[in-house]
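As a plain string of letters, each chain reads:
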Amino acid sequence: MENKVKREGAVIFSEYNRGDAVKKAISIGREDVLFELKESKLRGRGGAGFPTSTKWMLTAAAKSDKKYVICNADEGEPGTFKDRVLLLEYPELVFDGMVVGGYAIGAKEGIVYLRGEYEYMLKSLQDYLEEMRKDNLLGKDILGKKGFDFDIIIRLGSGAYVCGEETALIESLEGHRGEARNRPPFPVNTGLNGKPTTVNNVETFASVAHIVTKGGSWYSQHGTDKSTGSKLFSVSGDCKKPGVYELPWGTTINELLKIVEADNTKAVQVGGASGLCISKSQFDRQLGYEDLGTGGSIMVFNESRNMLHVLKNFMEFFVEESCGQCTPCRIGNVKLLEGVEMIEKGEYTFNYINKLKELGETMRISSKCGLGQSSPNPFISILENFKEEIFNNGKGGK
Amino acid sequence: MKENKETRAPESQKGHTIEKPKSSEGIGSMVSIEINGNKYSVPLGTTILEACKQNQIHIPTLCHHDDLCIAGVCRVCLVEVEGMRTLQASCAYPITHSLKIHTTSPQVRRARRHVIDLLLSEHYGECYACVRNNNCELQSLAKEYGVDQFTFGHVSAPLFEEDKSSYSVVRDMNKCVLCKRCVRTCIDLQEVGVLESIYRGHETRIGTFLDKPLADVICINCGQCINRCPTGALKANDPSDEIWLAIDDPTKHVVIQTAPSPRAAIGEEFDLGPGHSLTGQMNTALRRIGFDKVFDTNFTADLTIMEEGTELIIRLYKALVEGDKQIALPQFTSCSPGWVKYIEHFYPEYLDHVSSAKSPQQMFGALIKTWYSKKEGIDPANIVSVALMPCAAKKYECNRPEMVDSGYKDVDYGLTTRELAQMIKESGIYLPEMGKSHFDDPFGDASGAGLIFGATGGVMEAALRTIIELVTGVKVENVFENMNIVPVRGFEGIRYAELPIEKVGPVPEILKPLVPNWDWLKGATLKVAIAHGTANAKKIMEDIKAGGKFSECHFIEFMACPGGCLGGGGQPIPTSQEIRAKRAEAIYNEDASLPLRKSHENKHVLELYNDFLTDGPCGHISHKLLHTHYTPRGKYIA
């Protein structure tokens with residue numbers, strides 16, 4: 001499979017040799033690793049943007065005979081494919097980041113939860129891990145550091161979108177149905193098999209490898225104040241150059257559209273199915289936690305696209321991919337989809353559509369996990385940002 | 001990778017039982033919180049729901065059940081915690097630091113109403129055509145939140161066919177709200193694991209392995225899922241229509257035997273609080289309904305003690321005196337049909353440990369269509385034998401193909417407490433107002449030992465009352481105050497007791513054909529154990545497998561249901577630890593008030609041995625009618 005890296009930036013794709021981060025980590029010690037991480041102000045690259053150093057410090061502080069480092073490679077958000085590129089072409093970044101994680105929090109076991117559809121790369125990843133073992137980057141007394149044992153295994157997912165949610169991922173790893181857990185307790189205390197666990201995105205580990213090697217302040221000089229470093233964006237849709245781009249945080253949508261050579265753009269879905277859909281008037285908004293935080297999925301829609309169809313597609317996705325355990329997500333998404341179908345047929349009242357928007361607001365705050373909390377996003381944002389197009393379709397409501 | 005192999009429950013359901021704080025004493029163990037602007041102090045780790053309950057602040061719930069671990073899935077109990085972006089499920093949120101909580105803010109009220117509206121939009125069925133009408137948590141929630149229309153629509157036709165395959169439990173998934181209480185009951189409480197969520201997203205529903213009918217999976221029929229279902233999605237397989245037909249048929253002689261537990265709980269169906277025994281009133285009502293005879297299952301409970309106790313003595317004698325290595329010890333009780341099916345599925349290799357004595361229900365069935373019919377001159381073909389039981393599994397038990405030793409189906413129908421209450425109401429009777437009356441002869445009123453079969457530990461206590469007297473010759477009341485063998489009582493999931501036999505007495509007449517003397521028991525220590533709820537039974541079985549202390553026991557009582565029969569799957573809904581304790585209290589109080597409290601002193605039982613079972617306990621005739629065999633089923637269904 002061809003990987004379309006269209007733009008290599010100064011951070012993630014900067015120079016790196018296998019083992020660099022591990023060597024550095026051992027030389028500076030556990031506390032300094034966590035310190036550099038804090039300095040870097042790195043935030044989780046899966047989309048939620050939780051400060052990585054906080055997560056690691058909590059896991060490091062938790063007392064337990066066993067801890068786990070889990071790499072969330074379940075890359076299931078529609079429109080994102082940057083983790084695939086990292087795993088296939090830069091596995092040293094990801095795996096070294098995990099080893100550093102094991103060192104920092106005191107875990108001996110690392111697990112990559114690999115998206116089921118990525119099974120084709122399993123063999124090459126395992127071969128790579130074998131090489132690392134030969135080089136003593138995995139195994140016992142890593143690089144001669146007494147007592148520093150760490151190894152990585154790879155587990156395959158089975159195709160459920162919800163298993164990208166960290167607690168559902170852990171359930172799945174334990175052999176159970178993929179369903180999000182109640183939080184608290186959080187995985188940093190009660191994770192896999194009830195043990196302290198840190199779950200981080202592929203890109204987060206890759207960033208860690210650079211941060212530890214080059215320093216937290218080196219990293220934080222890139223990007224913006226609250227969104228340091230750079231980000232990999234998976235760009236797809238109506239543009240001439242779809243692919244993976246490393247761009248500094250703070251890039252505007254307009255700038256991005258220019259880079260990917262998109263013309264006649266009507267809408268950009270930022271953050272995948274669960275993200276926000278913005279219209280032309282908002283293209284000067286910045287990518288970054290201050291404004292448009294995202295796990296990196298960017299879908300471009302040009303003037304030829306019917307936004308109601310776009311929305312319907314997203315809602316169908318959530319109706320199917322809800323894990324089905326909590327009421328707002330399981331049934332709420334169906335009601336929102338029904339609303340879209342009503343609009344499609346012109347058989348709706350504004351009163352009812354407004355009720356559905358209220359329902360969407362409830363789903364955002366009452367669903368059990370991030371899936372249900374973000375699934376109304378396209379419904380709310382598309383109906384708001386494209387109301388002219390959607391409600392003036394000649395069919396009209398009552 | 002899985003470290004805790006003991007637990008099969010998903011972490012999302014099981015792992016999150018929030019441990020009750022051990023003590024509220026000491027610095028730092030209390031947390032100051034604010035609920036709706038008022039200040040409270042609660043022990044660290046208390047859930048928001050619990051904290052509100054303690055302070056008389058009502059929070060609606062649906063998936064929450066005190067017996068079960070936390071799920072946090074229905075989202076009805078949402079509250080607002082200041083500083084948090086999302087609302088929190090109060091049932092699942094442990095208070096570990098100072099919080100400001102709002103339980104009825106506008107967004108909380110709107111969210112709860114939305115959740116209820118969503119649930120109603122997918123709940124098919126009309127309340128007045130539902131077994132749970134007026135006792136349904138979804139209905140109550142709709143009322144509480146003033147639902148007067150279906151905001152998000154309502155299903156107009158059933159989507160799923162009812163699963164009526166099981167003799168015990170009927171599943172109607174059209175009414176299911178996916179609270180997973182049944183799943184948690186089956187997995188956590190019972191460790192059977194027949195029910196789980198299947199499919200995903202909007203297609204999610206509760207199903208069995210490969211979505212097979214309930215009769216074709218390893219369901220033990222305990223019906224605990226029914227007791228915890230908030231709606232009418234789960235109910236017992238109700239035979240009352242057939243029973244009415246029999247009652248209305250003048251050619252049929254309809255008899256009913258009544259187990260000890262229903263009488264201690266049926267008042268709850270008539271708005272009495274738990275803990276009222278209505279034995280005499282129920283007898284009168286049953287005759288008023290039209291049953292020709294009303295018998296006491298405690299009679300065959302007494303008989304069970306004679307048969308099962310004798311069997312134990314025979315096993316001990318063969319093992320200890322004759323050195324027969326083939327004898328299976330400890331002996332397991334066989335009264336609970338849920339337990340019997342459990343061991344048939346999960347530990348079939350241990351079936352020879354199960355007493356061959358039938359359960360009291362089935363002993364009675366066999367006697368009614370043989371001895372009784374002959375004595376009364378009634379053609380057994382015209383007898384309809386009904387068993388009032390606290391139990392769903394009894395319905396299955398009476399339909400076991402081997403239960404036809406009388407030449408007929410020994411027991412025709414198993415009727416639950418709930419179903420009888422319905423029949424009583426339908427007859428225009430308000431039960432608590434009925435006059436009291438006794439049970440009918442020739443079985444008469446039975447002993448308190450038979451009565452306490454209804455509580456966990458009761459079979460053991462009844463057996464010990466008899467064994468102690470028969471072996472030592474000492475009156476049991478001289479060993480245990482008021483005849484109450486306290487060490488085997490209580491609600492701990494597993495209990496263990498040792499009774500040293502210091503002296504022995506003469507062998508009573510009835511056992512003389514079996515043992516020459518008791519000298520071989522002198523100085524021995526009788527070791528017994530009790531488990532209720534099959535999750536606890538599993539712990540004992542695993543211990544026995546590993547050669548642990550329970551493998552040294554002589555006799556173990558197993559009850560499938562938490563609390564024993566009084567917590568059975570046919571008992572009034574709701575159930576809780578507190579309700580079950582009250583029912584137990586009612587049973588023990590009634591036992592204490594009875595003139596006869598030992599099975600071996602039941603003169604009707606002794607008459608039966610003189611008159612009919614003439615070769616004594618475990619003799620030839622009794623073996624033909626009162627004993628049975630079991631089926632090794634295994635866990636894997638073809």
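All figures in this text were calculated on a predicted structure; none of them were measured in a lab. (Residues numbered from 1 in each chain as written. Chains lettered and ligands numbered in written order. Predicted model: local features only at pLDDT ≥ 70, side-chain atom pairs only at ≥ 80, totals over all residues. Heavy atoms only, no water.)

Some remarks on unusual backbone geometry
- The linkage connecting Pro184(A) with the following residue, Pro185(A), adopts the cis geometry, with an omega of 0°.
- Assignment of secondary structure puts Pro185(A) in the loop between helix H7 (166-173) and strand S5 (197-201).
- Going from Ile573(B) to Pro574(B), the amide bond is cis rather than trans, its omega being 10°.
- Locating Pro574(B) in the fold gives a position in the loop between strand S17 (555-559) and helix H19 (577-593).
- With a phi angle near 55°, Gln56(B) is a residue other than glycine that sits in the positive phi range.
- Along the chain, Gln56(B) falls in the loop between helix H2 (48-54) and strand S3 (78-81).
- What makes Gln56(B) exposed here is its relative accessible area of 71%.
- Of note, Asp211(B) is a non-glycine position whose phi angle comes to about 60°, a positive value.
- Looking at where Asp211(B) falls in the secondary structure, it is placed in the loop between strand S8 (205-207) and helix H6 (224-228). (Helix = DSSP H or I, 4+ residues; strand = E, 2+ residues; numbered from the N terminus. Buried < 20%, exposed > 50% of the residue type's maximum accessible area, 1.4 Å probe, protein only.)

Topic: the domain arrangement of chain A
Residue and element names in this part refer to chain A.
- Assigned domains of chain A: these are domain 1 (5-220), domain 2 (230-302) and domain 3 (307-391).
- Note on domain 1 versus domain 3: buried area summed over both sides is about 870 Å², and carbon and sulfur give 64% of it.
- The largest per-residue losses of area from domain 1 upon contact with domain 3 belong to Tyr161, Val162 and Ala180, which jointly make up 50% of the total buried on that side.
- For the interface between domain 1 and domain 3, the tally reads zero salt bridges.
- In this structure, the connection of domain 1 to domain 3 is made through five residue pairs in polar contact (both at pLDDT 80 or more).
- Within the side of domain 1 that touches domain 3, the residues separate by chemical class into five nonpolar, four polar and four charged. (Domains from an automatic or database assignment. Buried area = accessible area lost by both parts, 1.4 Å probe. Salt bridge = Lys/Arg side-chain N within 4 Å of Asp/Glu carboxyl O. Polar contact = N/O pair within 3.5 Å; in protein donor to acceptor, adjacent residues only side chain to side chain. Nonpolar A, V, L, I, M, F, W, Y, C, P; charged D, E, K, R; others polar.)

Observations regarding the packing of helix H10 (residues 297-321) of chain B against helix H20 (residues 603-611) of chain B
Residue and element names in this part refer to chain B.
- As a packed pair, H10 and H20 sit with axes 9 Å apart at the nearest point and diverge in direction by 60°. Put simply, H10 runs oblique to H20. Pair H10 / H20 crosses with right-handed handedness. Where H10 abuts H20, its residues Phe299, Asp302, Leu303, Met306 and Glu307 lie against His604, Val605, Leu608 and Tyr609. (Axes fitted to C-alpha atoms, helices over the stretch in contact; angles between N-to-C directions. Parallel < 35°, antiparallel > 145°, perpendicular 65-115°, else oblique. Left-handed = near helix turned anticlockwise from the far one by under 90°. Contact = heavy atoms within 4.5 Å.)

Quick look at the interface of chain A and chain B
- Contacts between the two partners involve 50 residues from chain A, matched on the other side by 46 residues from chain B.
- The junction of chain A with chain B conceals about 3900 Å² of combined surface from both sides, 54% of it contributed by carbon and sulfur atoms.
- Viewed at the interface, chain B and chain A are joined by 17 residue pairs in polar contact (both at pLDDT 80 or more).
- Of all the secondary-structure elements, those providing two or more residues to the side of chain A that touches chain B are strand S4 (151-156), H7, helix H11 (307-321), helix H12 (327-345) and helix H13 (350-366) of chain A.
- Looking at the side of chain A that touches chain B residue by residue, the class counts come to 19 nonpolar, 13 polar and 18 charged.

Points about the sheet that holds strand S12 (residues 331-332) of chain B
Residue and element names in this part refer to chain B.
- Pairing is mixed in the open sheet, where four strands are placed in the order S12-S17-S16-S15. Two strands lie at the open edges of the sheet, namely S12 and strand S15 (494-500), each paired on one side alone.
- Alignment of S15 against strand S16 (residues 525-532), held across seven bridges, turns out to be antiparallel. What sits directly across from Leu499, in S16, is Leu526. (Pairing = 2+ DSSP bridges.)

A few points about the pattern of salt bridges
Residues and elements named next belong to chain A.
- Counted by the stated rule, this structure contains 69 salt bridges over all chains.
- Taking the shortest distance from any N to any O, the salt bridge between Glu203 and Arg45 comes out at 3.9 Å. Remark: Arg45 occurs in the loop between helix H2 (30-40) and helix H3 (52-61) and Glu203 occurs in helix H8 (residues 202-214); sequence separation between them is 158 residues. The pair Glu203 / Arg45 is uniform in exposure class, with both members buried.
- When salt bridges that share partners are traced, they join Arg45, Lys82, Asp83, Glu203 and Lys231 into one network.

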